[in-house]
Amino acid sequence: MNHGASGSLVWTAKVLTLFPEMFPGPLGLSLAGKALENGVWALESVDIRSFARDKHRSVDDTPFGGGAGMVMRPDVLDAALTATAGPPGTPRRGRAIYLSPRGRVLDQELVKELAATPVVTLLCGRYEGVDERVLDAHGLEEVSLGDFVLSGGETAALCLIDAVVRLLPGVMGNVETAGEESFERGLLEYPHYTRPAVWTDGQGVERSVPDILLSGHHEKVRAWRLAEAERITQARRPDLWDRYEAGRKAEGQIGKRGRRRGPKPE
């Protein structure tokens, strides 16, 4: 099933799934939904079961070597992938991804890479997973949302597509917003506040907006936001903080090496 306009300049997600009715789902709402309706991006949901070859439309079988669960068949998946994305090596095939808990963890850098790729094909597994041979045959990348297990790849595909679509030109109203969000600078995002300036919570405690945000001094506000982003990142994500600090030190060393020395005194 196709959603939105398709064309050479339109970012397109092709999703292979046993549950095509799950798409566009939440992607059909809000900013992503409007962008889909306006042809900023396109979505193609493909029913894997339609490529089954028997009268029962079987897509899985018992695993060799024994064990619990079922495994999705390579012949069915090969037919679905070939029909949807083309054979491996096909020009303009784009990125082909299998959503898997053992894959590269999805982060903002990978999201940016995918946003710059015109076509992304996503294979959503079910049961115990898919036959390894089809992954090898099609050179599928494996991508994970994190160290946990989902019932299938569809939820992960929805998250991945949402993260990419919001980076596409014309989707978000304020392009500056994206540059200040979590992970864009290697930091978590700073706190946000809105009216009223003084709010009394349910326990009768008055909670005020930080004075700096009411000052109208834009440079001080920017400095406060950066300091808060650094504080929160250091406290909550030491791994991100270490990378951020290493990056700052590297930039400092580059800056020192890049300085031009004046002539030596005679």
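Computed from a predicted model, the values in this text were never measured in an experiment.

## Things to note about the pairing of strand β7 (residues 119-124)
Okay, step 1: Of all the six residues making up β7, six are buried; the element is thus mostly covered by neighbouring parts of the structure.
Okay, step 2: One ladder, built from five bridges, connects strand β2 (residues 11-17) with β7; its direction is parallel. Opposite lysine 14, over in β7, you have threonine 121 as the bridge partner.
Okay, step 3: At this point the chain moves from strand β6 (residues 95-105), through helix α3 (residues 108-115), to the parallel β7, and the crossover so formed is right-handed.

## Some remarks on the nonpolar core
Okay, step 1: Ranked by internal contacts, the top residues of the largest apolar core, which has 30 residues, are Trp11, Trp41, Leu122, Leu160 and Ile161.
Okay, step 2: Of all elements in the fold, only β2, α1 (30-37), β3 (41-47), β6, α3, β7 and α5 (153-165) reach the threshold of two or more residues within this core.
Okay, step 3: For this core, the element with the most residues is α5, which contributes eight residues.
Okay, step 4: With 18 residues, the next largest nonpolar core counts Leu16, Leu18, Met72 and Leu77 among its residues.

## Looking at the UniProt feature "binding site: S-adenosyl-L-methionine" (unreviewed entry) in the protein
Okay, step 1: The positions UniProt marks with the feature "binding site: S-adenosyl-L-methionine" (unreviewed entry) are Gly125, Leu145, Gly146, Asp147, Phe148, Val149 and Leu150.
Okay, step 2: Looking at the secondary structure, you find glycine 125 in the loop between β7 and α4 (132-138).
Okay, step 3: Not counting residues within four places of it along the chain, the set of residues in contact with glycine 125 comprises Met72, Tyr98, Val130, Gly152, Gly153 and Glu154.
Okay, step 4: With respect to the helices and strands, leucine 150 occurs in the loop between β8 (141-144) and α5.
Okay, step 5: Other than its neighbours up to four places away in sequence, leucine 150 contacts Leu145, Thr155 and Ala156.

## Observations concerning the side chain of threonine 233
Okay, step 1: In this structure, threonine 233 sits in helix α7 (residues 218-236).
Okay, step 2: The exposure class assigned to threonine 233 is buried, which follows from its relative accessible area of 0%.

## Quick notes on the packing of aromatic side chains
Okay, step 1: A complete count under the given rule lists two aromatic pairs for this structure.
Okay, step 2: An angle of 45° between the planes, with centres 6.3 Å apart, marks the rings of tryptophan 11 and tryptophan 41 as tilted. Placement of the pair is tryptophan 11 in strand β2 and tryptophan 41 in strand β3, with a sequence separation of 30 residues. As far as burial versus exposure is concerned, tryptophan 11 and tryptophan 41 are alike and both buried.
Okay, step 3: Residues tryptophan 241 and tyrosine 244 carry aromatic rings whose centres are separated by 5.5 Å and whose planes lie at 40° to one another, so their mutual orientation is tilted. Of this pair, tryptophan 241 and tyrosine 244 both sit in helix α8 (residues 238-258), three residues apart, which is roughly one turn of the helix. Both residues of the pair, tryptophan 241 and tyrosine 244, belong to the buried class.

How each quantity is defined
Residues numbered from 1 in each chain as written. Predicted model: local features only at pLDDT ≥ 70, side-chain atom pairs only at ≥ 80, totals over all residues. Heavy atoms only, no water. Buried < 20%, exposed > 50% of the residue type's maximum accessible area, 1.4 Å probe, protein only. Helix = DSSP H or I, 4+ residues; strand = E, 2+ residues; numbered from the N terminus. Pairing = 2+ DSSP bridges. Right-handed = clockwise from strand over helix to strand, strands pointing away. Core = buried A, V, L, I, M, F, W, Y, C linked by side-chain atoms within 4.5 Å. UniProt positions renumbered as here; feature names shortened; annotations may be inferred. Contact = heavy atoms within 4.5 Å. Phe/Tyr/Trp six-rings, centres within 6.5 Å; stacked < 30°, edge-to-face > 60°.

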